[in-house]
Amino acid sequence: MTAPMPVLPPEPPEKPPPATAFEAAEARPAPGQGRPSRLLAPLRETGKLFALAVAVARAIFRRPFQVREFIEQFWFVASVTILPAALVSIPFGAVIALQVGSLTQQLGAQSFTGGASVLAVIQQASPLIVALLISGAAGSAICADLGSRKIREELDAMEVMGVSPIQRLVVPRVLATMLVAVLLNGLISVVGTLGGYFFNVIMQDGTPGAYLASFSALAQLPDLYISEFKALIFGFIAGIVAAHRGLNPRGGPKGVGDAVNQSVVITFMLLFFVNMVLTAIYLQIVPAKGS
């Protein structure tokens, strides 16, 4: 009679390997500590955002350039922002003209209403309206598109085939947002100025000649330059933030929706901060007309 075979304990199940190199890097603990500190998470995200901005800036000058993708994205961004921009700029110009007109009447300087209101529209209101529309309408769509491609592992497949997702997908979208932002800024400046002129002349009994004369007396060409430059920078920021959040979703389809919301909020915060910095630098460098 043979002795019974010893029963071995079951082996523990092996952990599945990470699907991508990005997940492996995230799962690997930092040297000297078991888990990365949550306090460093904002710094890591900021570093990734700046790294993506540098990578996009370098990839712009590489070949081949995706002309068809750029044209499609330009048409999409323009189609979803032109009409809202024109409609939003009218009440913005009207509110600024009415408020400035009321203030100048109290001070006895009604002749400067046109110059003050037009400068406020061109320098401040127009670039901010462009930024809000680009980030809210176009940026959210870009983030959702890239996020859905990421969770379907299309971007990983592109990297396996040797195609750079940044050069193929991100660069055309960022350039499209920048070009549309510059063009929309001109449209909003014209429509906002006409709206302010109408409300000041019709509702506040202003003089058309004084409105135009004060504008020519206070405004100068660098005011338009800084407005267009702000729109260009704001379009770049909106495209970069949307692409960054779209390339890094977390938690499947729900994570894509969260990434869209985060991209809009982060873009708003960055735009207002950058607008303050650019305005302060411009006022220090460019002297006021007649000073």
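Just so it is clear, the model here is predicted, and its values are computed rather than measured.

1. Here's the deal with the overall build of the protein chain
Helices and strands together make up the secondary structure of the protein chain, namely nine helices and zero strands. Start at the N end of the protein chain and walk to the C end: the helices and strands fall as α-α-α-α-α-α-α-α-α. The buried share of the protein chain, reckoned over its 291 residues, is 38%. The long-range share in the protein chain, meaning contacts at least 24 apart out of those at least 6 apart in sequence, stands at 86%. By element, 70% of the accessible surface of the protein chain is carried by carbon and sulfur atoms, the whole surface being about 16900 Å².

2. What about the packing of aromatic side chains?
Aromatic ring pairs are reported here in terms of the distance separating the ring centres and the angle at which the planes meet. If you walk through the whole model with that rule in mind, you get two aromatic pairs. Among the aromatic side chains, those forming a connected cluster through ring pairs are Phe-65, Phe-70 and Phe-74.

3. Quick notes on helix H4 (residues 113-151)
Compared with an ideal rise of 1.5 Å per residue, which puts 39 residues at 57 Å, H4 spans 54 Å between its outermost C-alpha atoms and is within 8% of the ideal. In H4, a bend of some 40° at Ala-125 exceeds every other bend along the element, and Pro-127, a proline, comes one to four places later. Positive phi shows up at Glu-153, right after H4, with a value of about 65°.

4. Let's talk about the side chain of Asn-275
Along the chain, the position of Asn-275 falls in helix H9 (residues 252-285). A polar contact of 3.1 Å, which involves the side chain of Asn-275, links it to the side chain of Lys-230.

5. Notes on the pattern of salt bridges
Should their charged atoms come close, side chains of opposite charge can pair. Evaluation of the coordinates by the stated rule reveals eight salt bridges. The shortest N-O distance in the salt bridge between Asp-156 and Lys-150 comes to 3.6 Å. Of the residues examined, Lys-150 reaches a relative accessible area of 21% and is grouped as partly exposed. Several salt bridges converge on common partners, so that one network encompasses Glu-69, Asp-145, Arg-149, Arg-152, Glu-154, Arg-168 and Arg-173.

6. Digging into a nonpolar patch on the surface
Side chains of Phe-273, Met-276, Val-277, Ile-281 and Ile-285 sit close together on the surface and give an oily, nonpolar patch of about 500 Å² of accessible area. By the secondary structure assignment, Phe-273 is in helix H9.

7. What to know about helix H6 (residues 165-203)
Taking 1.5 Å of rise per residue, the 39 residues of H6 would be expected to cover 57 Å, and the 53 Å separating its terminal C-alpha atoms lies within 8% of that figure. Of all the bends in H6, the largest measures some 30° and sits at Val-171, one to four residues before the proline Pro-172. Directly beyond the C-terminal end of H6, a positive phi value near 55° is found at Asp-205.

8. Re the nonpolar core
Core analysis: the biggest nonpolar cluster contains 32 residues, and Val-56, Leu-146, Val-170, Val-174, Phe-234 and Ile-240 have the highest contact counts within it. Only helix H2 (41-59), H4, helix H5 (154-160), H6, helix H8 (221-247) and H9 provide two or more residues apiece to this core. Setting aside residues no more than four positions away along its own chain, Phe-234 makes contact with Pro-127, Leu-128, Ala-131, Leu-271, Val-274 and Asn-275. Val-77, Val-130, Ala-138 and Val-180 belong to the second-largest nonpolar core, a separate cluster that totals 14 residues.

9. Considering the packing of helix H3 (residues 67-107) against H6
Each packed pair of helices is defined by two parameters, the angle between the axes and the distance between the axes. For the pair H3 and H6, the least separation of the axes is 6 Å and the interaxial angle reads 30°. In terms of their interaxial angle, H3 and H6 are classed as roughly parallel. The handedness of the crossing between H3 and H6 comes out as right-handed. Taken together, the residues of the contact of H3 with H6 break down into 23 nonpolar, nine polar and three charged.

10. Re the environment of Leu-232
Within the secondary structure, Leu-232 sits in helix H8. Each C-alpha atom, one on Leu-232 and one on Leu-183, is 9.4 Å from the other, the two residues being 49 residues apart in sequence. With near-sequence residues (within four places) excluded, Leu-232 lies in contact with Met-178 and Val-182.

Rules used in this analysis
- Residues numbered from 1 in each chain as written.
- Predicted model: local features only at pLDDT ≥ 70, side-chain atom pairs only at ≥ 80, totals over all residues.
- Heavy atoms only, no water.
- Helix = DSSP H or I, 4+ residues; strand = E, 2+ residues; numbered from the N terminus.
- Buried < 20%, exposed > 50% of the residue type's maximum accessible area, 1.4 Å probe, protein only.
- Contact = heavy atoms within 4.5 Å.
- Areas by Shrake-Rupley, 256 points an atom, 1.4 Å probe, with all protein chains shown as cover.
- Phe/Tyr/Trp six-rings, centres within 6.5 Å; stacked < 30°, edge-to-face > 60°.
- Expected span 1.5 Å × (residues − 1).
- Bend = angle between axes of the 7 residues up to and from the residue.
- Polar contact = N/O pair within 3.5 Å; in protein donor to acceptor, adjacent residues only side chain to side chain.
- Salt bridge = Lys/Arg side-chain N within 4 Å of Asp/Glu carboxyl O.
- Patch = residues over 30% accessible without salt bridge, like charges linked within 9 Å, V, L, I, M, F, W, Y side chains within 5 Å.
- Core = buried A, V, L, I, M, F, W, Y, C linked by side-chain atoms within 4.5 Å.
- Axes fitted to C-alpha atoms, helices over the stretch in contact; angles between N-to-C directions.
- Parallel < 35°, antiparallel > 145°, perpendicular 65-115°, else oblique.
- Left-handed = near helix turned anticlockwise from the far one by under 90°.
- Nonpolar A, V, L, I, M, F, W, Y, C, P; charged D, E, K, R; others polar.

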